[in-house]
Amino acid sequence: MRNNQLQYFESKQPFVLESGVVLPEITIAYHTYGVWKGADTKVIWVCHALTASADCADWWKGLVGEDCLIDPEKYFIVCANILGSCYGTTGPLSVNPKTQDTYFSDFPAVTIRDMVNAHILLREYLQIEQIFLLMGGSMGGYQVLEWAIMEQKRIQKIFLIATSPSESAWGVAIHTAQRLAIEADLTWKDKHEKAGAAGLKAARAIGMLTYRNYGIFQQAQTDPDPEKIDDFRASSYINYQGEKLVKRFNAYSYWLLTKSMDTHHLGRGRGGDLIKALNSIQQPVLIMGIRSDILCPLDEQRFMKEHMPNATLVEIDSTYGHDGFIIETAQISHHLSSWLTVDSV
């Protein structure tokens, strides 16, 4: 099986969310890369972050793809669009089969575990029994951590970058500010897919301040003209990034998925003990942290290293802050390759 085109799996069975709400059916959009050669195939499953899609060879260029470390000539690679997104998997822009109306704001809340349960449905459909490497950064790492506990015997190795075992108060506060921006848009909750677009632009602007940092803004966005009193380069950059997201994403999904991130806590429903939950992850784990990351700082990765029994921590430098997890592919590839080689000996 070789396919790098977007594919769809339709499950006609009721899908029960953690909240108890039941989706009558779900569709999962996904990409596969490489050739499935049966049970001996080494499968790498990539979990994506907030606004990414199932096409990980597109958004993780330099790490996933031909002639990269995660090469479809060597591995069978899977990436599924998360539940609640707007890139093909069931979400707010999907049609409710019971009413034949688009869900919009009526789409129910979803958690990280709900997303992983959808991934498991797809894994079963693809008849994948073992995942050689489960990997993800940021919100993708949340899914990896949950899945590592939920199906421990099926996950052989884990790679995490710029992520944490629970959503921090800092993260919840940022997401709340972003949702307030969306909710302040007078079109929010109108029954059309562009509802809340101005609010989404503002939410993205807030996000960009946490994805990057002071240093990279000073380096890349400082105006050379000291006489300027308006139309600053940094302002243009933030506007551009907001407009770019509005063209490719949706406010309903953004609002919903930031709520999903807030639910992330490995100890929830497991006695509340985060350390005990981390102790239960027995697989070999490579954890990577970025020294300039202000959204998910190194304290989070160091905490995981301390409490995961078979974890290795690598700290990397980047001027790009949190976004370094998708930009610093040369460093990531170097350390991940070394770890995979050593761990396989």
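The structure presented is a predicted model; accordingly, all values stated were derived computationally and were not measured.

With 14 residues, helix H2 (residues 112-125) extends 20 Å between its outermost C-alpha atoms, agreeing within 8% with the 20 Å of an ideal straight helix rising 1.5 Å per residue. Where burial is concerned, most of H2 is hidden: 10 out of the 14 residues are buried. Of all the residues in H2, the buried ones are Ile112, Arg113, Asp114, Met115, Val116, Ala118, His119, Ile120, Leu122 and Arg123. Just downstream of H2 lies glutamine 127, where phi reads positive at about 60°.

As a volume, the largest pocket reaches approximately 790 Å³. Contributing to the lining of the largest pocket are 38 residues, with Thr51, Arg204, Asp323, Phe325 and Ile326 lying nearest its centre. Of all the secondary-structure elements, those providing two or more residues to the lining of the largest pocket are helix H1 (56-59), helix H3 (139-150), helix H4 (169-183), helix H5 (197-211), helix H7 (233-248) and helix H11 (324-327). Looking at the lining of the largest pocket, the element that brings in the most residues is H5, giving five residues. The residue makeup of the lining of the largest pocket, split by class, is 18 nonpolar, 12 polar and eight charged.

Consecutive side chains along a regular strand alternate between the two faces of the sheet. Of all five residues in strand E5 (residues 43-47), five are buried; the element is thus mostly enclosed. Note: E5 against strand E6 (residues 76-80), four bridges, orientation parallel. Bridged to isoleucine 44 within E6 is isoleucine 77. The pairing of E5 with strand E7 (residues 131-137) spans four bridges and is classified as parallel. Bridge assignment links cysteine 47 to a residue of E7, and that residue is glycine 136.

On the secondary structure map, glutamine 7 appears in strand E1 (residues 7-11). Within the structure, the side chain of glutamine 7 is placed 3.1 Å from the side chain of threonine 32, a separation counted as a polar contact. In this view, glutamine 7 contacts Ile28, Ala29, Tyr30, His31 and Thr32; residues no more than four positions away in its chain are not counted.

Next up on the list: the sheet that holds E5. Spatial ordering of the open sheet is given by E1-E4-E6-E5-E7-E8-E9-E10, a layout of eight strands whose pairing is mixed. Each having just a single partner strand, E1 and strand E10 (311-316) make up the two edges of the open sheet. Sheet twist, expressed as the average angle between the axes of neighbouring strands with direction ignored, equals 20°. Where H3 meets the sheet, it contacts E5, E7 and strand E8 (155-161), and its direction lies at approximately 145° from that of E7. Sheet strands in contact with helix H10 (residues 298-307) are E8, strand E9 (285-290) and E10, and its direction is about 160° off that of E9.

Another aspect to go through is the environment of glutamate 151. Structurally, the position occupied by glutamate 151 is in the loop between H3 and E8. Residue classification places glutamate 151 among the buried residues on the basis of a relative accessible area of 13%. For glutamate 151 and proline 14, which are 137 residues apart along the polypeptide, the C-alpha to C-alpha distance reads 21 Å. Setting aside its immediate chain neighbours within four residues, glutamate 151 contacts Ile120 and Arg123.

Analysis parameters
- Residues numbered from 1 in each chain as written.
- Predicted model: local features only at pLDDT ≥ 70, side-chain atom pairs only at ≥ 80, totals over all residues.
- Heavy atoms only, no water.
- Helix = DSSP H or I, 4+ residues; strand = E, 2+ residues; numbered from the N terminus.
- Expected span 1.5 Å × (residues − 1).
- Buried < 20%, exposed > 50% of the residue type's maximum accessible area, 1.4 Å probe, protein only.
- 1 Å grid on protein atoms, 1.4 Å probe; cavity = no way out; pocket = protein on both sides within 12 Å on 5 of 7 lines; lining within 4 Å.
- Points joined across faces, edges and corners; volume = space filled by probe spheres on them.
- Nonpolar A, V, L, I, M, F, W, Y, C, P; charged D, E, K, R; others polar.
- Pairing = 2+ DSSP bridges.
- Polar contact = N/O pair within 3.5 Å; in protein donor to acceptor, adjacent residues only side chain to side chain.
- Contact = heavy atoms within 4.5 Å.
- Axes fitted to C-alpha atoms, helices over the stretch in contact; angles between N-to-C directions.

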